[in-house]
Structure formats: C-alpha cells, structure tokens
Amino acid sequence: MPKSITTLFFLCASFIALVHVYTIWKTTISKINVEDDITAVVVAEVYDDAGSTKNNGNSSTITVLVNTSLVGILEQQAYKNSDTKNSPRHRRPSCFDDKTPCAYDEIGKYLGATSKLSIIHRPSDAIPKYRRIPASMGNNGTYILEQRRKGPRDGSHTALVEYNPSLIPLTSGDLDQKLVDYLTGRYHPDISDEEADKVKYLMVARSSNLHCCGDTIHKYGNPTKEQSYLSLTLLDENLQSIPGASCAVNVYQALLPNCYARRMAQHSPFQDYQVIAARSTKENDKKDQLFMIASDKYSVILPLDIRRVPKPTNDSTDWNTKIDSSPVPMINAIHIENNASVFSQNTTVSDLFYGQGLQVRLMTNFSPPNVTDCDLVLRYNAMDWKKNYHVFDIVNGDNTVSTYMETRPHWIRSTRKINFYAEQFHKYGDWELVPNGTFVSGKISWRNPKDIQLNQYKGGEPAEQFQSPDKYDFAVKQGRGTACCVDLPFGDNITVKVGISHLVAPNRNYLSRFYAFDLTPPKFLLVALSGLFCFEKVDRMQDANAESQIFPIPDNFSVLNISNTLYDCPHITFATGITEYQNDRNYVVISYGVNDCYSRSIVVSKDRIKELLNIDGSDSWKKWIW
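Residues numbered from 1 in each chain as written. Predicted model: local features only at pLDDT ≥ 70, side-chain atom pairs only at ≥ 80, totals over all residues. Heavy atoms only, no water.

**Some details on the packing of aromatic side chains**
Within a pair of aromatic rings, the relevant descriptors are the distance that separates the centres and the angle that separates the planes. Put simply, the test is: Each Phe, Tyr or Trp ring, with Trp reduced to its six-membered ring, pairs with another whose centre is within 6.5 Å; inter-plane angles below 30 degrees give stacked pairs, above 60 give edge-to-face pairs, and intermediate values give tilted ones. Elements are defined by DSSP. Helices are runs of H or I of four residues or more, strands are runs of E of two residues or more, and each kind is numbered from the N terminus. Remark: exposure states derive from per-residue accessible area (1.4 Å probe, protein chains only) relative to the maximum for the residue type, with buried under 20%, exposed over 50%, and partly exposed in between. By definition here, charges over rings are those cases where NZ of Lys or CZ of Arg is within 6 Å of the ring centre and within 35 degrees of the ring normal.
Counting across every chain of the model gives 26 aromatic pairs. Ring plane angle 65° and centroid distance 4.9 Å describe the contact between phenylalanine 490 and tryptophan 621, whose orientation is recorded as edge-to-face. Residue phenylalanine 490 is found in strand S21 (residues 476-491), and its partner tryptophan 621 is found in the segment after helix H12 (606-613); the two are separated by 131 residues along the sequence. The same class applies to phenylalanine 490 and to tryptophan 621, which are both buried. Members of the aromatic cluster, joined through ring pairs, are Phe392, Tyr404, Tyr515, Phe517 and Phe524. One residue, lysine 225, lies across the ring of tyrosine 260, its end atom 4.5 Å from the ring centre. The side chain of arginine 361 reaches across the aromatic face of tryptophan 319, ending 4.2 Å from its centre.

What follows is the structure, encoded as structure tokens:
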C-alpha cells in the first residue's frame, strides 16, 4: 500500500476513534508497560460540547495502544458505561426466583457483568527482569517449570509472579494523616503534592516462585528454595499501579536471616500476606500503625512501617514512628551476626529486597528471651495454628473503638478481642496482641484456645440464600476466612459487616460466598449467607490491562470441576481483599488471586452484594439478631 494511503488510513482511523472517545469519555487508560509488548501510544484530551473538559476542568487523558484494536479498547469502556441490563449476563439469575440450584459460574458472571470496573493488576515493576517469565514464553509449560527449579539453590534466580492481592484505601478518613503522608510521599520535599495526590490505595500481594502459571504448584521435590515476598504497590484512583512506587521484601529472610539460610530446601513459613492499619495510640482516634499478617500453617502478626521515597535509601532520618529498627536495606546487602541483620556498605542486595519507590521497616527484635528455635519464635508471635483471619473494628456505645479478630466466619464461628495499643514497638513484650491471653508451649505451641470466644448461634445459622448444584461433602466443610469487612446498610437503621469466605472441594477447587454479621458484641451473629459461587478469570474484552496476563495455561485448563461437572471459571479464585471503592462509596473493590498465578479486581455495587445476601428482599434475616 502506498505510504500516502497508509497515512490517510491511519488519520481516518484516529479521527473515528476520537469521535468514539468523545461519545464515551473515560478518565484514564494508562500506558501499558509490558516486556516485549506495546510502547507507542496516542493521547487525546476529551471535551464536552461547550469546549470545557468533562472532568471538572481537568482534561481526561485517554492513552490508546497503537497495535491493539483501538475501537476494541474503547468499546470495553462503552460496554461498562452503557445500559446493558437486558443482556443475558446482566439479568438477575432465574434460579433466584425459581428456587432451583444456581450454577457456580452463573453467579460469578452476574457479578462480573454488572461490575463498574474490572482490572488485571500488572506485575510489580519492582521485580527485576531476570526473575520474570517473558511474554513470549507464557504458554510454555516446560520453560515455566524450569524457571521454578533454576539455580542457584537459594532460589534467587527463580521466576516470581504476584497473586492474592488486597487493597488498603488511603482516603477513607480513618487513617492518621502522618501515616497517610508517609505512604503517599507528601512528607518528602522531593515528592510533589501532585504526585502524592495520585495515590489512593496501597496494594498488598504475594510475589512467589510457588505458583500455577505453568500447570500446577510444585511445592515438593524442587532443588531450589521456595521464596515468598511481601509485594507492595501504590495505586491510583483507577486501581492502576503508579510507576516506580513499589517494592518486594523477602520477609522471612529479613526477620530471621539465620533461619532462612540454615536449610536450603526449607519451605517458607509465610505464604499469603495482609497489611492492616490499626489504632495503636489511645489518645488518637485515627489508625496510626500498620501491621503485617503473614501466614501459612499459622499467622504471624508484627508491626511494620512503609513509606514512599523518591529514590532508594537506607536512611531512616525523620521517620518518626513507634518502631526503632533499621529499615530493610534497599541498596546495601546484609550479613548475619547473632541472627541479626548487619549492613555491609560495599556490596549490593541480592534477593532480600527489590524496588526503588517504597521503603519498609519491620520490628526485627521479636524473639522472646531465651527462645532460639526458629519455628517457636514465629509461634510466639502468631495467633494460633490457623490462618485466614479477619480484623474489624466496632464503635462502642461510649464512642470508643474495640478491635476484634474473626478466626472463623461461620459454622464454627469464632472471634476474639485483640489489642494493638502500645507505647512502642521495639522488642518482644512491648505489645500484647491478646489482652490477658496465654501461650501454650510444647511440641505444638499456640495461644490457649480457651481465650477464643465461640460466637456461633447454637440454634443454627441462616440458610443459604440460593441453592448450590451439589449436596457437597467437601474436604473443608466449615467456612474459612478469605476477605473482610465492609459496612453494608441492610435495613432500617441497621448496618452489618460483610465479608467473603471460601470452601475447598476435592482437588483444590475453591468456592466463595458472601456472609453478613451483626455489629453487636460479643456475639457478632451471622444474619445472612449467600450461596456458593466462583469468580471469573481474565476477561480479554473487558478487563483493563488484560494483555498483561500472559499465561494462557491456567485459564484454558485449570477450570472448576465439581462432581465431574466443569464450570466456566478457574478452579481457584481466592478473594483476599474487599474494601470500599474510593471513587464511589456505593461500590466495593473485590480483589482476588486467579489459579495462584495472577491478580484481578472487580468493582461491584453494594446493592448487588445485598441482593445475593437477601434475594427475596424480605426481613427474615432479622430473626438472627437476638
């Protein structure tokens, strides 16, 4: 084709696209930065009929990928913003009214189709290229498995992927301003207010060489060490990652370097991570301290600090918090003396820390006196021999706030009052997680279960709002925690807290459900349970950043299989986060890992969740409040 005709065709296509943009204006589709993928972009500012911008005087930037279907990208946004309630996916499932079993994937598709936004979270830009699987090899299962076993034996060159995300909103109003300023970078003279204003969420995820992006998790028989990083990324209002504002910390190596180095084939005691904000100062009604919950066979809970920095540093000058440990080194390696991290000024970090824009400080002096056993040290800082716990706050009648940990959401529902108040977090004993709690030491060491309050209603629990296809007798029948909690108006002057739990069917098939509980202590009784469902995999037509999900094997072959029936959803969807959407508090962001391989979030209305918890709109749930 002659060059002039090619140019004319491109200009016409661009004009048509901009007309389409003019009709369906959208805030920002950020530039994609994926190895071996697109770099060229077209940028347009969108104006209304009067010549002013649609966004209260601020232009709405649309970044379009040149070698992707331009119209296709714009139609994704049109689809999300248009009235498509009459499409089959948007219609209320007929099983709600027919009282017939609801297919697991039918509910997931209903949630997805009616969502305001869906997004695949891009891989963290903190991880170096040599620890990534290139896009060109994303469909090569043999190559992916080789990257899990790649030497050296410490696992420092094995490939990492992020999954199981959760979000902390930084504009919710209940965070201490000093904490927010550290996270957004506003405290630092080299980070502008404009840059700080872009930060709306902190995303927490697991970055691991233990994943299912090839075929299945190979936990045993590997010649290289398992590695599991705490991955932290700042997000903007559209849930897009902010370039250069991320890091990944090998927490086990940072906390117990001797233990980490002792056995090369040792599995990591930390798999999934949560970070929560809590009130630690009685005179302050705002949440002023971050805590990490790192779990595998039990949940270790420790305070930590996170702050944004303009460039890598080990300096902690003017970082005034209750933790006095040195930061995890960003630019200097460590060596080990007496199980403590010591800086060496003339070497570079290997696999302890990755990233340039976030600095992390852990309370490293957390070993009890005269306790040296690695496992026992961790157990002394754990809740008990379980995981997937939820932390929530309750406002008391005198306007004070009490904090509770939900250790089981239903069937064996249990909660426990916990404490985050302390003058300082310098060493073990400065802080008592369980007030007047006891610790049982021995071959299996944990906190005394007598300190846990069982809160389930002895007369039973609410029935599921819709039926499931199976009369299931799964390996794990009781509900396990997954994600919690958001407040949901549920009746006249009644608010409940809503979370997501999961069940595990044979062959590691995961199913989810919503549950709601009353805010009255000490029972916090369940008032509603949805039926079981599965979340969706990547939607190539609708998801923002869909092209960054480069692994087709788990999407094409790892599907939900219950009682030899296949469903159109992944066999593992693990919802690790639920929080209010800061652009519209009538919506929530549900974040989850897909097939232990990648991270996805959907923005769902609170009304939709309420519908799944009360499909006939009756007041029958009130009988469970007593």
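**Digging into the sheet that holds strand S5 (residues 201-208)**
Adjacent strands of a sheet pair through backbone hydrogen bonds, lying either parallel or antiparallel. Convention followed: Strand pairing is defined by DSSP finding a minimum of two bridges between the two strands. In this analysis an axis means a line fitted to C-alpha atoms, helices contributing only their contacting stretch, and an angle means the value between N-to-C directions, from 0 to 180 degrees.
Taken in spatial order, the five strands make up an open sheet running S4-S5-S6-S7-S13, and their pairing is antiparallel. If you trace the sheet from one side to the other, it starts and ends with strand S4 (161-169) and strand S13 (353-355), each paired once. Each adjacent strand pair in this sheet contributes to an overall mean axis angle of 20°, direction not counted. Relative to S13, strand S7 (residues 241-249) is paired through three bridges, and the arrangement is antiparallel. Of the residues in S13, the one forming a bridge with alanine 248 is tyrosine 354.

**Concerning the pairing of S5**
Here S5 lies mainly inside the structure; eight of its eight residues are buried. Residue alternation in S5 divides its side chains into two sets, Tyr201, Met203, Ala205 and Ser207 and Leu202, Val204, Arg206 and Ser208, and both sets are buried. Relative to S5, S4 runs antiparallel, the two being bridged by seven bridges. The residue of S5 that forms the bridge with proline 169 is tyrosine 201.

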